[in-house]
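Examination of the molecular architecture
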Number of protein chains: 4
Amino acid sequence: MALRKLPRQQRSREMVDRIVAAARDVLVADGYDRLTTNRVADRAEVSPGSLYQYFPDKASIVEEVTARYVDRLAEDVVASLVDHVHEDPEAMARATAEALLSALERDPTLLRVVWEELPAARHLDDRLGLERRVRDVLRAYLGGRQSPAARRRDPARSSWLIVLAVESLAVRFVLDEDPPLTRDELVDDLVALGLAWW
Amino acid sequence: MALRKLPRQQRSREMVDRIVAAARDVLVADGYDRLTTNRVADRAEVSPGSLYQYFPDKASIVEEVTARYVDRLAEDVVASLVDHVHEDPEAMARATAEALLSALERDPTLLRVVWEELPAARHLDDRLGLERRVRDVLRAYLGGRQSPAARRRDPARSSWLIVLAVESLAVRFVLDEDPPLTRDELVDDLVALGLAWW
Amino acid sequence: MALRKLPRQQRSREMVDRIVAAARDVLVADGYDRLTTNRVADRAEVSPGSLYQYFPDKASIVEEVTARYVDRLAEDVVASLVDHVHEDPEAMARATAEALLSALERDPTLLRVVWEELPAARHLDDRLGLERRVRDVLRAYLGGRQSPAARRRDPARSSWLIVLAVESLAVRFVLDEDPPLTRDELVDDLVALGLAWW
Amino acid sequence: MALRKLPRQQRSREMVDRIVAAARDVLVADGYDRLTTNRVADRAEVSPGSLYQYFPDKASIVEEVTARYVDRLAEDVVASLVDHVHEDPEAMARATAEALLSALERDPTLLRVVWEELPAARHLDDRLGLERRVRDVLRAYLGGRQSPAARRRDPARSSWLIVLAVESLAVRFVLDEDPPLTRDELVDDLVALGLAWW
DNA sequence: GATGAATGAGCCTTCATTCAT
DNA sequence: GATGAATGAAGGCTCATTCAT
């Protein structure tokens, strides 16, 4: 009704958002196993057929959810990185670790569903993208700042290692029922890892 | 028809093994999405009904595959750990990292399917078990050996960090198309990480 | 294929009717044991999936068939009852017995399937409904007309007895290969029974 | 073990009984829908294969249960009939009605399962047998005793009617949640029916 | 574009029955 | 005869996707 009045472009954008939001809700509320296209359509208050006007298939809808989710994560982390680029390495590392944890803690249910219920292949590319983005920034902004001593290491190798380890640790920390360290301790360890490896 | 002529399928234990092996093969050959009970039965040269004499449902078959796979991994790693317990920490760390990588490299296709196609929740418990086993051994055998200086750290915290980081890194290394470091470099880094964090 | 070319199946009400009719046909043609959802779908020239858009499960389809069948029976009997309410009791009883028999004779094959192949529990409620409807009308319309002498009996008791006996006798008469009385004799007996017990 | 020592004939008789008893128990405990050959074998503490040494198929096992059940019913009723043959018709009718009701009340759960859960066709023959037996006795023993006035009626017709009506009414009385007459009232009515129709 | 009824391939599972031991 | 593991046909049902309106 009201939608009919909107400019075309707007409408389709809105539909995509509506569908993605509905899919995210279903994921969080019912889990991945129970996510059906009909349920998503219901939640989006849209007909099942309309889904296929904006997405080629069910998988692509879920992928868009994870893509947006992981992009947001990347955005937050990169933003923090950029914001603290002028500070000393430790401060920057700390800020970044904090930013990552906060980002992961924002929607732990979705994080759990994405990380544990979805086949990893479904969000692998997103994660690779996130890792690459962070790595690129890391290398670009910090690369020049390496102490001659640290220079012995290959930045590609270091960033691969750090980013992967930090990501895994942070995610598992948020998801673990009862992790054997506090959040602050984890941040300390993450910072230490970053500094040691760079 | 043809089956009628064959000796009756072997009993229980052998049957379970046959089914699990078939499921593994299907997983590797066709992927998780295409694993159906009928396909597993076909591959096991067994009737679909027989599956249900040994497993309550499809999920439990897949679970057994992952359980056995991850158990084997754990076995290898723990064995190496125990074998090198009397050596100096670095040698032990190196041997363990090697053992883990070798274990993961033994069946990379299955590793990929389990890690990327299966919903993580399907093998989460297995992984937690693996991690716990390794952590326990680590703490038991190395705990007493800490230098007073290293004593500053909580072993639970250290082992959680190390095990998780090493696991993630090793798996990703094996699965990555084109990792930015050689296998030897990774081992070096893993050893360094272990020594640094302990 | 062929279906693709046909006009889209008619909607809701018509679809329900189509399915119920198909189920009835299958019941009559193949018997209850051979009624499968796929067979019903075939006969209805509808896809198996469509069945489940209108019925929650197979049982409910069969239930609808019996419900409609028994409702029709009830309708006929009640209609006759109402039509002859102003006549003397014997005429009314006779008309009703006739109506019941005619109704049962209309689809003897379905009657046999419903009465003999279906578990009685599957149409028990329908039958109870039929009996209640007839009893209610009986008591409402005839109740006031009882001769003082007849008043000695409890109408609830009388109607229970009569309705049950008449129903059983009539059904068995229609279903019996070779009943030891003619239809007219049965009607006479049913009438006598009704008059005697009221 | 102990069974091995028994004479052959005994053994097979005992097995049949064991199986039939188990089937009856399953029927009562789990209902007809959940009666499977495996469950019967379990309950009989016998292997599934053994069932087929004594019965051609599942249906025949259930049939034996109903046959025995209905035969017992017939036995009781016929016995009562014979026992009271020398008394006046009303006393005999009353005794018979009582005997029937008592017989039905002995195992109401099995009655319900047989009457409501089993497809009627599965016990139709048994019922026909019961009815025939009772009718035969009725006609044989009471036939000669008819008053000349009653003689106007065809005994085959009368007995068909009476037996059927009495059977239906008695069964429904036992099965009804809340029948609108007492047991004594029903007996009175059944007796009246018998006397009136004979 | 939007709709939503219809589709139908295909899945998991059951269970009466068999037959080698 | 007894066993019971194995069988396998078949069934009910789901759900991603389509397409006539």
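Criteria and thresholds
Residues numbered from 1 in each chain as written. Chains lettered and ligands numbered in written order. Predicted model: local features only at pLDDT ≥ 70, side-chain atom pairs only at ≥ 80, totals over all residues. Heavy atoms only, no water. Helix = DSSP H or I, 4+ residues; strand = E, 2+ residues; numbered from the N terminus. Least-squares fit on C-alpha atoms with pLDDT ≥ 70 in both. Contact = heavy atoms within 4.5 Å. Expected span 1.5 Å × (residues − 1). Buried < 20%, exposed > 50% of the residue type's maximum accessible area, 1.4 Å probe, protein only. Near = heavy atom within 4 Å. Polar contact = N/O pair within 3.5 Å; in protein donor to acceptor, adjacent residues only side chain to side chain. Nonpolar A, V, L, I, M, F, W, Y, C, P; charged D, E, K, R; others polar. Buried area = accessible area lost by both parts, 1.4 Å probe. Salt bridge = Lys/Arg side-chain N within 4 Å of Asp/Glu carboxyl O. UniProt positions renumbered as here; feature names shortened; annotations may be inferred. Axes fitted to C-alpha atoms, helices over the stretch in contact; angles between N-to-C directions. Parallel < 35°, antiparallel > 145°, perpendicular 65-115°, else oblique. Left-handed = near helix turned anticlockwise from the far one by under 90°.

Attention now moves to the overall build of chain A. For chain A, the count of helices and strands is 10 helices and zero strands. Each helix and strand of chain A, ordered N terminal to C terminal, gives the series α-α-α-α-α-α-α-α-α-α.

What follows deals with the relation of the copies chain D and chain C. By a simple turn and slide, chain D fits onto chain C: the slide is 0.1 Å along the axis, the RMSD is 0.2 Å, and the turn is 179°. Such a combination of turn and shift is consistent with a two-fold rotation axis. Closest approach to the rotation axis within chain D is made by the C-alpha atom of P119(D), at a distance of 2.0 Å.

Now for the relation of the copies chain B and chain A. Between chain B and chain A, which share one sequence, the superposing operator has a rotation angle of 179° and an axial displacement of 0.2 Å; the RMSD is 0.2 Å. Residue by residue, 97% of the interface of chain B is reproduced at the interface of chain A, so both copies engage with the same surface.

Between the first and last C-alpha of helix α5 (residues 89-106) of chain D there are 26 Å, a value that for 18 residues agrees with the 26 Å anticipated at 1.5 Å per step. Every buried residue of α5(D) is accounted for by M92(D), A93(D), A95(D), T96(D), A97(D), A99(D), L100(D), L101(D), A103(D) and L104(D).

Around DNA strand E sit 35 residues, and of these Y54(A), Y52(B), K58(B), Y54(C) and T37(D) come closest. Put simply, 64% of the atoms of DNA strand E that lie within 4 Å of the protein are in sugar or phosphate. At a separation of 2.7 Å, a phosphate oxygen of DNA strand E approaches a polar side-chain atom of S50(C). Among the residues forming the surface near DNA strand E, the class breakdown is 11 nonpolar, 17 polar and seven charged.

This part takes up the interface of chain D and chain C. On the chain C side, the residues contacting the 36 residues of chain D number 36 residues. Summed over both sides, the interface of chain D with chain C buries roughly 2800 Å², with 62% coming from carbon and sulfur. On the surface where chain D and chain C come into contact, there are six salt bridges. One salt bridge connects D189(C) with R157(D), and the closest N-O pair in it is separated by 2.9 Å. Remark: the boundary between chain D and chain C carries 13 residue pairs in polar contact (both at pLDDT 80 or more). Among the elements of the structure, α6 (108-117), α7 (121-143), α8 (155-175) and α9 (183-197) of chain D are those that each provide at least two residues to the side of chain D that touches chain C.

Once that is clear, we can look at the pattern of salt bridges. Counted according to the given criterion, the structure contains 84 salt bridges over all chains. D176(D) serves as the salt-bridge partner of R172(D), at 3.6 Å between the closest nitrogen and oxygen. One continuous salt-bridge network, built from bridges that share partners, spans R127(A), E131(A), E167(A), R172(B) and D176(B).

The UniProt feature table records "DNA-binding region" (unreviewed entry) at residues 36-55 of chain A. Secondary structure content for residues 36-55 of chain A is 70% helix and 0% strand, and the end C-alpha separation is 14 Å.

Here D189(C) lies in helix α10 (residues 183-197). A distance of 2.9 Å separates the side chain of D189(C) from the side chain of R157(D), its partner in a polar contact. Residues contacting D189(C), with those up to four places away along its chain left out, are L181(C), R153(D), R157(D), L161(D) and W197(D).

Looking now at the interface of chain B and chain A. How big an interface is tends to be stated in terms of accessible area lost as the parts join. With 35 residues of chain B in contact, the opposing surface of chain A contributes 35 residues. Contact between chain B and chain A buries roughly 2800 Å² in total, counting both sides, with carbon and sulfur atoms accounting for 62%. It is R157(B), W160(B) and R172(B) that lose the most area in chain B upon contact with chain A, and together they represent 25% of the buried surface on that side. Between the two partners, chain B and chain A, sit six salt bridges. Seen at the junction of chain B and chain A, the total is 13 residue pairs in polar contact (both at pLDDT 80 or more). Counting residues per element, the ones that place at least two in the side of chain B that touches chain A are α7 (108-117), α8 (121-143), α9 (155-175) and α10 (183-197) of chain B. For the side of chain B that touches chain A, a count of residues per class yields 20 nonpolar, one polar and 14 charged.

With that out of the way, let us pick up the environment of D76(B). Residues and elements named next belong to chain B. In this structure, D76 sits in helix α5 (residues 58-83). For D76 and L104, which are 28 residues apart along the polypeptide, the C-alpha to C-alpha distance reads 9.9 Å. If sequence neighbours within four positions are ignored, D76 has contacts with A99, A103 and R106.

A few words now on the packing of helix α2 (residues 12-30) of chain C against helix α7 (residues 108-117) of chain C. All names here are of chain C. Contact pair α2 / α7: the axes reach a minimum separation of 9 Å and the direction vectors enclose 85°. When the axes of α2 and α7 are compared, the pair comes out roughly perpendicular. Residues R24, L27 and V28 of α2 touch α7, and the partners they reach there are T109, L110 and V113. Broken down by class, the residue content of the contact of α2 with α7 amounts to four nonpolar, one polar and one charged.

Moving on: the environment of A103(B). All names here are of chain B. Structurally, A103 can be placed in helix α6 (residues 89-106). Residue classification places A103 among the buried residues on the basis of a relative accessible area of 2%. Distance from A103 to V70, taken between C-alpha atoms, is 9.8 Å for residues 33 residues apart in sequence.

Glancing now at the packing of helix α4 (residues 58-83) of chain D against α5(D). The relative placement of two packed helices is expressed as an angle between their axes plus a distance between the axes. All names here are of chain D. Taken N-terminus to C-terminus, the directions of α4 and α5 make an angle of 155°; their axes are 8 Å apart at the nearest point. Classified by the interaxial angle, the pair formed by α4 and α5 is roughly antiparallel. Judged by the sense of rotation from one axis to the other, the crossing of α4 with α5 is right-handed. Counted together, Y69, R72, L73, D76, V77, S80 and L81 of α4 and M92, A95, T96, A99, L100, A103, L104 and R106 of α5 form the full contact between these two elements. By residue class, the composition of the contact of α4 with α5 is 10 nonpolar, two polar and three charged.

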